[in-house]
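One letter stands for each residue in the lines below.
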Amino acid sequence: MAKGVILLAAGGTGGHLFPAEALAHELIERGWKVHLATDHRAERYSGHFPAADIHTIPSATLGSKNPVAVLSAFWKIWQGVRQAGGVIARIKPEAVVGFGGYPTLPPLYAATRRRVPTLIHEQNAVMGRANKALASRVDAIAGGFLPEGASADGAKTVTTGNPVRPQVLEAAKTPYVASNEGEPFRFLVFGGSQGAQFFSDAVPAAVALLPEELRKRLAITQQARAEDVARVKAAYADLRVDVQVSPFFTDMAARIATAHLVMSRSGASTVSEIAVIGRPALLVPYPHALDHDQAANAAALAAAGGAELHPQSTLSAERIAELVGGLIKDPNRLATMAAAARSAGKPNAARLLADLTEAIASGKTVSDYRRTRA
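A. The arrangement of the overall build of the protein in detail. Helices and strands together make up the secondary structure of the protein, namely 16 helices and 13 strands. Whereas a compact globule of 374 residues would reach a radius of gyration of roughly 21 Å, the protein reaches 21 Å, a difference of no more than 12%. Here the C-alpha coordinates of the protein stretch approximately 65 × 50 × 35 Å along the principal axes. Within the protein, buried positions represent 55% of all 374 residues. Taking contacts inside the protein between residues at least 6 apart in sequence as the whole, the part at least 24 apart equals 65%. Total accessible area computed for the protein in this model is approximately 16,100 Å², and 52% of it derives from carbon and sulfur atoms. If you average the places of the 40 positive and of the 32 negative side-chain charges in the protein, the two averages end up 6 Å apart.

B. Structural view of the nonpolar core. Judged by nonpolar contacts, the single largest core of 36 residues is most densely connected at Phe187, Leu218, Tyr236 and Met263. For this core, the secondary structure elements donating two or more residues are β8 (185–190), α7 (196–209), β9 (218–223), α9 (229–239), β11 (261–264), α13 (317–328) and α14 (331–344). Broken down by element, the residue count for this core peaks at seven residues, all from α13. If you look at the next biggest cluster of nonpolar residues, it comprises 27 residues, including Ile6, Leu17, Leu23 and Ile360.

C. Quick peek at the sheet that holds β9. Across the sheet, six strands lie side by side as β10-β9-β8-β11-β12-β13; this open sheet has parallel pairing. Two strands lie at the open edges of the sheet, namely β10 (242–246) and β13 (307–309), each paired on one side alone. Strand after strand, the sheet turns through a mean of 15° between neighbouring axes, direction not considered. Across four bridges, the pairing between β8 and β11 is parallel. Within the sheet, the bridge partner assigned to phenylalanine 187 lies in β11 and is leucine 261.

D. Quick look at the packing of α7 against α13. Taken N-terminus to C-terminus, the directions of α7 and α13 make an angle of 65°; their axes are 8 Å apart at the nearest point. As for how α7 packs across α13, the hand of that crossing is right-handed. Two secondary-structure elements touch here, α7 through Phe198, Ala202, Ala205, Ala206 and Leu209 and α13 through Ala317, Glu318, Ile320 and Ala321. Split by residue class, the contact of α7 with α13 holds eight nonpolar, no polar and one charged.

E. Fine view of the pairing of β9. Among the six residues that make up β9, six are buried, leaving the element largely enclosed by the rest of the structure. Burial along β9 is two-sided: Leu218, Ile220 and Gln222 facing one way and Ala219, Thr221 and Gln223 facing the other are all buried. Summarising the sheet, β8 and β9 pair through five bridges and their orientation is parallel. Bridge pairing in β9 links phenylalanine 185 to leucine 218. Sheet analysis places β9 next to β10, joined by five bridges and oriented parallel. Bridge assignment links isoleucine 220 to a residue of β10, and that residue is valine 243.

Parameters at a glance
- All residue numbers here refer to positions counted from 1 along the written sequence of the relevant chain.
- Given that the model is predicted, a residue must reach a pLDDT of at least 70 before its local features are reported, and side-chain atom pairs must reach 80 or more before they are shown or counted; all residues, however, enter totals for whole chains, interfaces and linings.
- Side-chain figures throughout are based on the complete set of non-hydrogen atoms in the structure, without hydrogens or water.
- Counting from the N terminus, the helices are DSSP H or I runs at least four residues long and the strands are E runs at least two residues long.
- In this treatment the radius of gyration is a C-alpha quantity, and the globule benchmark scales as 2.2 Å times the residue count to the 0.38 power.
- Each residue gets one of three labels from its accessible area relative to the maximum for its type: buried under 20%, exposed over 50%, partly exposed in between, using a 1.4 Å probe on protein chains only.
- Throughout, a contact is declared for two residues whenever any of their heavy atoms are within 4.5 Å.
- For the area figures, the Shrake-Rupley method with a 1.4 Å probe applies, and any residue is considered shielded solely by the protein chains shown.
- Asp and Glu count as negative and Lys and Arg as positive, but His and the ends of the chain are not part of the count.
- To locate a charge, take NZ of a lysine, CZ of an arginine, CG of an aspartate or CD of a glutamate.
- We define a nonpolar core as any set of buried Ala, Val, Leu, Ile, Met, Phe, Trp, Tyr and Cys residues linked to one another through side-chain atoms lying within 4.5 Å.
- At least two DSSP bridges between two strands are required for those strands to pair.
- Orientation is described by axes fitted as lines to C-alpha atoms, over the contacting stretch for helices, and by angles from 0 to 180 degrees between their N-to-C directions.
- The handedness criterion is simple: a crossing whose near helix is rotated anticlockwise from the far helix by less than a right angle is left-handed, and one whose near helix is rotated clockwise is right-handed.
- Think of it as three bins: nonpolar holds Ala, Val, Leu, Ile, Met, Phe, Trp, Tyr, Cys and Pro, charged holds Asp, Glu, Lys and Arg, and polar takes everything else, Gly as well.

Right, here's the structure in full:
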């Protein structure tokens, strides 16, 4: 039996859209109809998003100090608020759920102006700027890594974990099997929508420094920016290494599951998916991330023993070769890290977030929701 409409709003990058997609699947299974509000960048992901309709809403980043640019951004956001208001009036959602990124500002502001119940989900250990701007207006805050009571709006914060997509839950069924001496070693390297260039420069150079007996065992899957793909492939071709290089992999969850070692940035979705699937990781926080959220995310998994945190400034090609080579030769250490990562994962985060969404949609407060959980 259909329950009504939930409008999800997310920035157009994978880090924002993937947890929104996970919640969408859970809500649809419960009988809700899901719509998505996002920006044009979501087009390459939208084919997988299970929305009844996708609404492209104009928005802008409020990062400039130029008064003209600031005024232009506010004007574009206001246009987005008006357009989002029209969408809300037409589809009449029971609640609007935001997942961060500036494209969430117009739908969430429009929803609060119309007194539609609202919820934001913060994936990171440090709240992002768009969510900070919305925190005082919304009815509830769900945290991926945020502990309850940690923020200024802690009274309405609920720690749910970060929802992961069905593909990730399916991939989590694959047990970790260590690669022993002489066996192929699958090494997955990816950098998200930002920060992949460092890996394109550093990892092939590091692989070149590995002893030949280790290098010939490698089967590498590496994400690279479109403009870097050709040179990365050429670097590996010179080394005669088994490698796949692409700007985007649609089956990333399955690739994580088949990896013996992951090297990646530490966005919230990435860390959450690595943990749920349970794979050892070398995490390299993007050094230019706002508020250093990636470092905080990586620290959480490293504290559980499932990953090593390595600041980019410490990683020469020689150091990467030392780290990767040492782990290839220590399958027991990798298996221990895999088990620790898995123990830190929250595979039920989508269910918890859906529970909170339904509570807010029904008019309950966070206090009401907590009482029902007690």
